[in-house]
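Analysis of the macromolecular model
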Amino acid sequence: MKVYTLAIESSCDETSAAVLVNGRQVLSNVISSQVPIHQKFGGVVPEIASRHHIEQVIPVVDQALADAGVALTDINHIGVTYGPGLVGSLLVGVAAAKGLSFATDIPLIGVHHMEGHIFANFLAHPDLEPPFLSLVVSGGHTMLVVVKDYETFEVLGQTRDDAAGEAFDKIARVMGYPYPGGPQIERVGAEGNPTAIEFPKALQEKGNFEFSFSGLKSAVLNYLNSAKQKGEAINEADVAASFQQAIIDVLVAKTIEAAHATGQTKVTLAGGVSANRHLQDALAAACEKEGFTFYRPSSILATDNAAMIGCRAYYMSLAGKFADLHLNAKPSIPLGQTPPLKSMPI
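Counting from 1, residues in each chain are numbered in the order their sequence is written. Local features in this predicted model are restricted to residues whose pLDDT is 70 or higher, and side-chain atom pairs enter the listing and the counts only when it is 80 or higher, whereas totals over whole chains, interfaces and linings include all residues. Heavy atoms from the whole structure form the basis of all side-chain values; hydrogens and water molecules are not counted.

Elements are defined by DSSP. Helices are runs of H or I of four residues or more, strands are runs of E of two residues or more, and each kind is numbered from the N terminus. Tallying secondary structure elements over the chain gives 11 helices and 12 strands in all. In terms of C-alpha radius of gyration, the chain reaches 20 Å, essentially the compact-globule figure of 20 Å for 346 residues. Taken along the three principal axes of its C-alpha coordinates, the chain extends 65 × 45 × 30 Å. Looking at the chain residue by residue over its 346 residues, the buried ones come to 54%. The quantity called the radius of gyration is restricted to C-alpha atoms. Its globule counterpart is 2.2 Å times the number of residues to the power 0.38. Think of it in three bands: with a 1.4 Å probe and only protein chains considered, a residue is buried below 20% of the maximum accessible area for its type, exposed above 50%, and partly exposed in between.

Structural data, given as C-alpha cells:
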C-alpha cells in the first residue's frame, strides 16, 4: 500500500512543498527561496518574508503535486511546520495546510521544524534506523539529541545564547559579507589558517553538552575592532578560518563525548549548518577515529525544505499523531513536544 504525504514548510525564508510516498521516497521537493530578496537587508525581514510566503505557498504546492504526478485526492495526510520559526512565516504555511485539510478532509499533522531536520537523514540514508545521536546545528538552534525511536527524543544539551548559525551570520555581517553569512565565512576561511588566532571555546568541562557562542562572537568583534583602532592589517581569511574552527572544534568534541556517554555508535548531522563542508569533514574524521558510523543529509536536504517535514509527518501518522483545525503557529517549542492531537484522523 502506498501512503502519500503532502508537506509544507515556511518557517523562515523558504517556501517549500513536497510529496513523499511511504515516508522515505521523495517524489517532489519544490523550494522557493527568498535569499536574493533579503540579501539587500543583511538578513531576513520577517514582514517581507511573510508576504512572499503568501504569494508563493499555493503555487509551490501545485508545483509539488504536478512534479510528483499525484493529485490532491491521492494524498493521505498533510504535514506542515507549525514551529519553531518566524511566527508570521509559520502562520502562512499552517493556514494553507489547514485550508487544504478543511476543504478535502485530508488528515492534518503539525511537525516540529527541528525534528524535520533530524529526519532529513532518513531520506538521505534508507538504511538508517534509531537509536542514534544527532548534532542539530542551524541558524536558531544548536543541540545534541538522542533519537531513541521515531517518537522519542532526549535533548542532552542546547545553546544557552547564540546558535552556531546565528554566530556565523553575525560575524559575516560585521566583516561585510552578504547574507547568508555561513557560506561566506566558509568560502573566505578556506584560504586562511585555522590556527592563526586562538579564539575562546566556552563550556568545555567534561559532561557538559550545552553550547555558548556569544563569547566567541564577542572575542572576534573585539579582535577586529582592536586591529582597526591600532591601524593593523586584518587577514580576513585567517579570522574567518580561526572563527569557524573554534565553532567546529566545540561541536565535534561535544558530539563525540556525548556519543560515548550515551553509548550511541551512530551519529547524524542535521540543520542548515550541516552543509558546511569543514564541519562535515571534521565530524566524519572524528567518528571514523572512534569507530562510529556517520550520517549527514545531502545539501538540498540540509537547508529548510518540505521533504524532511513530510518524512517526519509520515512517522507521526503511523503513531496516530494527527492535529485538528485548531493547530496554530508556535515560534518557540521544545523538541519532542507534540501539538494538540486528534484521537482520530479528520
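Here the narrative resumes.
A helix's residues, less one, multiplied by 1.5 Å, set its expected span. The end-to-end C-alpha separation of helix H8 (residues 236-262) is 39 Å, in line with the 39 Å expected for 27 residues at 1.5 Å each. With 19 of its 27 residues buried, H8 lies for the most part within the structure. The N-capping residue of H8, defined by a side-chain oxygen 3.2 Å from the backbone nitrogen of Ala237, is Asn235. At the C-terminal side of H8, Gly263 shows a positive phi close to 75°. Distance and chemistry together define a polar contact, namely a pair of N or O atoms within 3.5 Å, with one atom able to donate a hydrogen and the other to accept it when in protein, and with adjacent residues in sequence counting only for side-chain atoms on both sides.

Turning our eyes to something else, we now look at the pattern of salt bridges. Salt bridges are identified by distance alone: a Lys or Arg side-chain nitrogen within 4 Å of an Asp or Glu carboxyl oxygen. Within this structure, the stated rule accounts for 11 salt bridges. The network of salt bridges with common partners includes Glu115, Glu151, Arg312 and Lys321.

H8 packs onto helix H7 (residues 214-230) with a crossing angle of 165° between their chain directions and a minimal axis gap of 11 Å. As summarised for this structure, H7 and H8 are arranged roughly antiparallel, according to the angle between their axes. For the crossing formed where H7 meets H8, the hand is right-handed. When H7 is examined against H8, the residues Leu216, Val220, Tyr223 and Leu224 are found in contact with a partner set consisting of Val239, Phe243, Ala246 and Ile247. Here the term charged refers only to Asp, Glu, Lys and Arg, the term nonpolar to Ala, Val, Leu, Ile, Met, Phe, Trp, Tyr, Cys and Pro, and the term polar to all other amino acids, Gly among them. Counted by class, the contact of H7 with H8 contains 8 nonpolar, no polar and no charged residues. To obtain each axis, a line is fitted to C-alpha atoms, and for helices this fit is confined to the stretch in contact; angles are then taken between N-to-C directions over 0 to 180 degrees. Any angle from 65 to 115 degrees is called roughly perpendicular, while one under 35 is roughly parallel, one over 145 is roughly antiparallel, and all others are oblique. The crossing is said to be left-handed when, going from far helix to near helix, the turn is anticlockwise and less than a right angle, and right-handed when the turn is clockwise. Contacts: residue pairs with any heavy atoms within 4.5 Å of one another.

Let us look at the sheet that holds strand E8 (residues 152-158). In short, DSSP must find at least two bridges between two strands for them to pair. In space, the 5 strands of this open sheet follow the order E8-E7-E6-E9-E10, with mixed pairing throughout. Since the sheet does not close on itself, it has two edges, and those belong to E8 and strand E10 (293-295), each with one partner. Averaged over all pairs of adjacent strands, the angle between their axes in this sheet comes to 25°, without regard to strand direction.

Between its first and last C-alpha, helix H4 (residues 113-124) extends 17 Å over 12 residues, near the 16 Å set by a 1.5 Å rise per residue. Within H4, 11 of the 12 residues are buried, which leaves it mostly tucked inside the rest of the structure. What H4 keeps buried is the set His113, Met114, Glu115, Gly116, His117, Ile118, Phe119, Ala120, Asn121, Phe122 and Leu123.

With respect to the secondary-structure elements, Asn208 resides in the loop between helix H6 (181-189) and H7. With relative accessibility at 12%, the residue Asn208 sits in the buried group. A distance of 2.8 Å separates a polar atom in the side chain of Asn208 from a polar atom in the side chain of Glu205. Sequence-distant contacts of Asn208, defined by excluding residues within four places in its chain, comprise Arg160, Leu203 and Lys254.

Two faces make up the sheet, and in a regular strand the side chains alternate between them. Among the 5 residues of strand E5 (residues 108-112), 5 are classified as buried, and the element is accordingly described as predominantly covered. Side-chain alternation along E5 places Leu108, Gly110 and His112 on one buried face and Ile109 and Val111 on a second face that is also buried. Two strands pair when backbone bridges link them, and strand E4 (residues 77-83) and E5 are joined in this way by 5 bridges, in the parallel orientation. Residue pairing for E5: Gly79 is matched across the bridge by Ile109.

This part takes up the environment of Leu325. Structurally, Leu325 can be placed in the loop between strand E11 (322-323) and strand E12 (341-342). Separated by 228 residues in sequence, Leu325 and Ala97 have C-alpha atoms that sit 9.4 Å apart.

The subject of this paragraph is the pairing of strand E6 (residues 132-137). The element E6 is extensively covered by neighbouring structure, given that 6 of its 6 residues are classed as buried. Relative to strand E7 (residues 142-149), E6 is paired through 6 bridges, and the arrangement is antiparallel. Residue pairing in the sheet places Val137 in a bridge with Thr142 of E7. Connecting E6 to the antiparallel partner E7 that follows it, the hairpin turn spans 4 residues. Bridge count for E6 against strand E9 (residues 266-270) is 4 bridges, and the pairing is parallel. The residue bridging Val136 from the neighbouring strand is Ala270, located in E9.

With respect to the helices and strands, the residue Lys201 is situated in the loop between H6 and H7. The partly exposed category is assigned to Lys201, whose relative accessible area is 32%. For the pair Lys201 and Phe213, spaced 12 residues apart in sequence, the C-alpha to C-alpha distance is 7.9 Å. With residues up to four places along the chain from it excluded, the contact list for Lys201 reads Ala246, Asp249 and Val250. A polar side-chain atom of Lys201 sits 2.8 Å from a polar atom in the side chain of Asp249.

Geometric values such as these leave the question of function open.
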